[in-house]
Amino acid sequence: MAIMDERRAVIQPLNKVWYKGKVAALDMLRLDLLHPVVSGNKWYKLRLNLGWARDHERKTIVTFGGAFSNHLVATAFAAKEFGLKSVGIVRGRQEQLTPTLQECREYGMELIFVTREDYTNRHQPEWAEQMVQHFDEIYIVPEGGANELGRAGAGLLTRFVDKSYSHVALAVGTGTTMAGLRSKLDATQHILGFVPMKQTEEQRHYVAAHTPANMAQTWDLIADTAFGGFGKWNEELLRFMNEFYAENQVPLDVVYTGKMMYRLRGLMDDNHFSSCDRILCIHSGGLQGNVSVQEQLVYTV
Ligand SMILES: *Cc1c(COP(=O)(O)O)cnc(C)c1O
């Protein structure tokens, strides 16, 4: 796809002041610079799926998500670039379109709203097929791009991860990106996944199911204990994000990467790492999710 120039994803060393000699190196892979709409890791999860659909004469991509889903927007945009139609099956009837859903529509995605109860059927292909009967040649991408091609696409991120890193830190939603990366990365490199939710069971189950069993000791998931769960934030998080921007000139998003870096900093302060560890943090994008807090941030999305 011509829209994606992967050379834009650079590795940026963070300001030494920020990690205060706690580790030997702390760098950030700036996937947020890849594209303004198709947020970082979403591209990697979609690229092989869309390529497969196109090569097999599928005409319509069908996928799933909530009213604030970065995956839905990314799919709407990328499908259009691939010359494919897209349909988004959206969790919950919406009184009003959120900015995310409006954007999906602008990129030509047809939205189908279902109740939260009906949405629990999303893993059953027959249910989805019946919902999109009036479209032909469909290809279903699960919620969050969580399928084999999604994981394989995420595995391509290993090209950015030099062997010298002892740790990789990334934000986790479904666990697809983490599972893909874990399967391909050297076993000596530890992966820390930061889940911006109170629970990590679902993600733990997913990553365990899709990575080699002998890798079980090489990854960890950390829940959001400070901010109260998915999409929740407070003044302290925004202050942290503004400070991080001032010190590193890196804009973080309020849902995923802001919480990841906040918690990573906490772990460093608690001496969780050794001073010779070298950490690569993955900035997975998601900056459009900052619209709701824009007025309180010193940087714009
Ligand atoms: C979707 C998303 C994630 C989560 O990715 P998974 O592969 O579902 O775990 C992380 N960060 C950002 C910014 C996202 O938009």
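Cut-offs used in this document
Residues numbered from 1 in each chain as written. Predicted model: local features only at pLDDT ≥ 70, side-chain atom pairs only at ≥ 80, totals over all residues. Heavy atoms only, no water. UniProt positions renumbered as here; feature names shortened; annotations may be inferred. Helix = DSSP H or I, 4+ residues; strand = E, 2+ residues; numbered from the N terminus. Pairing = 2+ DSSP bridges. Axes fitted to C-alpha atoms, helices over the stretch in contact; angles between N-to-C directions.

The chain is annotated in an unreviewed UniProt entry as Pyridoxal-phosphate dependent enzyme from Nemorincola caseinilytica. Taken from UniProt, the Cofactor (unreviewed entry) comment for the chain reads in full: "pyridoxal 5'-phosphate". Here is the UniProt Sequence similarities (unreviewed entry) comment for the chain, exactly as written: "Belongs to the ACC deaminase/D-cysteine desulfhydrase family."

All right, on to the UniProt feature "domain: Tryptophan synthase beta chain-like PALP" (unreviewed entry) in the chain then. With numbering matched to this structure, UniProt assigns "domain: Tryptophan synthase beta chain-like PALP" (unreviewed entry) to residues 30–285. Between the end C-alpha atoms of residues 30–285 there is a gap of 8 Å, over a span that is 39% helix and 17% strand.

Here we come to the sheet that holds strand S9 (residues 219–222). Sheet strands pair by backbone hydrogen bonding; their relative direction is either parallel or antiparallel. The strand order S1-S2-S10-S7-S8-S9 describes an open sheet built from 6 strands, whose pairing is mixed. Edge strands, defined here as strands with exactly one partner in the open sheet, are strand S1 (11–13) and S9. Put simply, the sheet's adjacent strands are angled 25° from each other on average, direction ignored.

Bringing the sheet that holds strand S6 (residues 138–140) into the picture now. Spatial strand order, S5-S4-S3-S6: 4 strands in an open sheet with parallel pairing. Edge positions in the sheet fall to strand S5 (109–114) and S6, since each of these pairs with one other strand and no more. For this sheet the average axis-to-axis angle between neighbouring strands, irrespective of direction, equals 25°. Two strands pair when backbone bridges link them, and strand S4 (residues 85–91) and S5 are joined in this way by 6 bridges, in the parallel orientation. Note on S5: the bridge partner recorded for Ile 89 is Ile 112.

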